[in-house]
Amino acid sequence: MPQAVPRPTLQRLLRYLRELERLEAEGTPTIASDELGAAAGTTAHQVRKDLSCLGTLGRRGVGYRVGDIVPTLRAALALDRQWRVALVGAGNIGRALCAYRGFRERGFHIVALFDSDPRKEGCTWARLKVLPMGQLRRTVAELGVELGIIAVPATAAQGVADQLVAAGVRGILNFAPARIIVPPGVQVRSVDLAVEAEQLAFLVSAQSTQPPQP
Ligand code: NAI
C-alpha cells in the first residue's frame, strides 16, 4: 500500500477492517462490496477502489473472502504486530485508559505509566506501577516503546510531548485539549470528546430545522 494514504481513505480502511473482523468472528465466509460499503457508510464502488490498492480483489458473484482479506488489511495497516505504548498522566483519563482492554486486544500494550506527582509514584494501576518522569527516557529505550499517550492537563501537554519525542517516541495520542507541535517524523493524533459532542449537537440541530421528508 502507498506510504502516504489520505486520511479519509485510512479511516474507511479501518472501518472495513472492523466490519470484516466482526464477520470473521461470526464465521461469515464472504461479503459483497455493497454490503461492506453499507456497513462502513460508503459505496460499493469506493470499497472496490480502496481495496484494489491492496491488491485484494473481490470475485464477481462471490465478493471478498473474509478469511483472506482480514490478514491482508491488518498487515497493510501495520496492525499485524504489537505496539508498545507509554502513558503519561496517571489521573482519571490515564487510569481509565490503562484499564481499557480494547487497546491490548487491538495490539496496543501500555507498558509504562508516568506521572510528575510524587504522591502517585509507586501506585499501581492495572498492574502498572506509576513511574517518575525522570525515568521516561531510560524506560522508553529499555522497553522499546514507540508510541506515547498524553493524559495530562493542557498546560503540561507540550512539555510532556517534548519529553516523549526526546525519548524516541514516534507517535503521540494526545487527550489534552492543547495543540501539540512535534518535529517532522513524529505523528500526533488528538482525541477530543467535546468536539465529537459538538458535531453531534450540530447534526441534531440541523436535522430538526429541515422539513420532514415525504
Ligand atoms: P487529572 O487531573 O485527573 O490527571 C492528570 C494527571 O497528569 C495528574 O495525575 C497529574 O499529576 C499529571 N501531570 C500533570 N502535569 C504533568 C507533567 N508535566 N508530567 C507528567 N504528569 C503530569 O486529569 P484527567 O481528568 O485525567 O484529564 C487529563 C487530560 O485529559 C486533561 O488535559 C483533560 O482536559 C483531558 N480530557 C480529555 C478528554 C478527551 O475527550 N480527549 C476527556 C476528558 C479529559
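Time to look at the side chain of E146. With respect to the helices, strands and loops of the structure, E146 is situated in the loop between α7 (136–143) and β7 (147–150). Residue class for E146 comes out buried when judged on its relative accessible area of 18%. At a separation of 2.4 Å, a polar atom in the side chain of E146 contacts the side chain of R81.

What follows deals with the packing of helix α1 (residues 7–26) against helix α2 (residues 33–40). Direction vectors running N to C along α1 and α2 enclose 110°, while the axes themselves pass 9 Å from each other. Between α1 and α2, the angle is such that the two are roughly perpendicular. In this structure, α1 meets α2 at a crossing whose hand is right-handed. Judged by residue contacts, R15, Y16, E19 and L20 of α1 engage L36, A39 and A40 from α2. Looking at the contact of α1 with α2 residue by residue, the class counts come to 5 nonpolar, no polar and 2 charged.

Within the open sheet, the 7 strands sit side by side as β5-β6-β4-β3-β7-β8-β9. Their pairing is mixed. Of all strands in the sheet, those bounded by a partner on one side alone are β5 (124–125) and β9 (187–190). For strand β3 (residues 83–88) and β7, the ladder comprises 4 bridges, and the chain directions are parallel. In the sheet register, L87 faces β7, and the bridge partner there is I149.

What follows covers unusual backbone geometry. Positive phi, normally seen in glycine, also occurs at A78, with a value near 60°. Looking at the secondary structure, you find A78 in the loop between α4 (66–76) and β3. In this model, R127 sits at a positive phi of 65°, which is unusual for a non-glycine residue. Summarising the element assignment, R127 is placed in the loop between β5 and β6 (128–131).

Of all hydrophobic cores here, the largest spans 22 residues; its most connected members are V88, F114, L136, I150, V160, L164 and I172. Those elements giving two or more residues to this core turn out to be β3, β4 (108–114), α7 and α8 (154–167). With sequence-adjacent residues up to four places away left out, F114 is seen in contact with A86, L87, V88, G89, A90, V130, L131, P132, M133, Q135, L136 and T139. If you look at the next biggest cluster of nonpolar residues, it comprises 18 residues, including Y16, I69, V70 and L79.

A word on the pattern of salt bridges. Taken as a whole and judged by the stated rule, the model has 9 salt bridges. Between R22 and E26 there is a salt bridge, and its shortest N-O distance comes to 2.5 Å. Of this pair, R22 and E26 both sit in helix α1, 4 residues apart, which is roughly one turn of that helix. In this structure R22 comes out as partly exposed when scored by relative accessible area, which is 41%. Residue R81 is joined to E146 by a salt bridge in which the shortest nitrogen-to-oxygen separation is 2.4 Å. One end of the pair, R81, is in the loop between α4 and β3; the other, E146, is in the loop between α7 and β7, with 65 residues separating them in the sequence. Taken together, the shared-partner salt bridges connect E19, R22 and E26 into one network.

What counts, and at which threshold
- Residues numbered from 1 in each chain as written.
- Predicted model: local features only at pLDDT ≥ 70, side-chain atom pairs only at ≥ 80, totals over all residues.
- Heavy atoms only, no water.
- Helix = DSSP H or I, 4+ residues; strand = E, 2+ residues; numbered from the N terminus.
- Buried < 20%, exposed > 50% of the residue type's maximum accessible area, 1.4 Å probe, protein only.
- Polar contact = N/O pair within 3.5 Å; in protein donor to acceptor, adjacent residues only side chain to side chain.
- Axes fitted to C-alpha atoms, helices over the stretch in contact; angles between N-to-C directions.
- Parallel < 35°, antiparallel > 145°, perpendicular 65-115°, else oblique.
- Left-handed = near helix turned anticlockwise from the far one by under 90°.
- Contact = heavy atoms within 4.5 Å.
- Nonpolar A, V, L, I, M, F, W, Y, C, P; charged D, E, K, R; others polar.
- Pairing = 2+ DSSP bridges.
- Core = buried A, V, L, I, M, F, W, Y, C linked by side-chain atoms within 4.5 Å.
- Salt bridge = Lys/Arg side-chain N within 4 Å of Asp/Glu carboxyl O.

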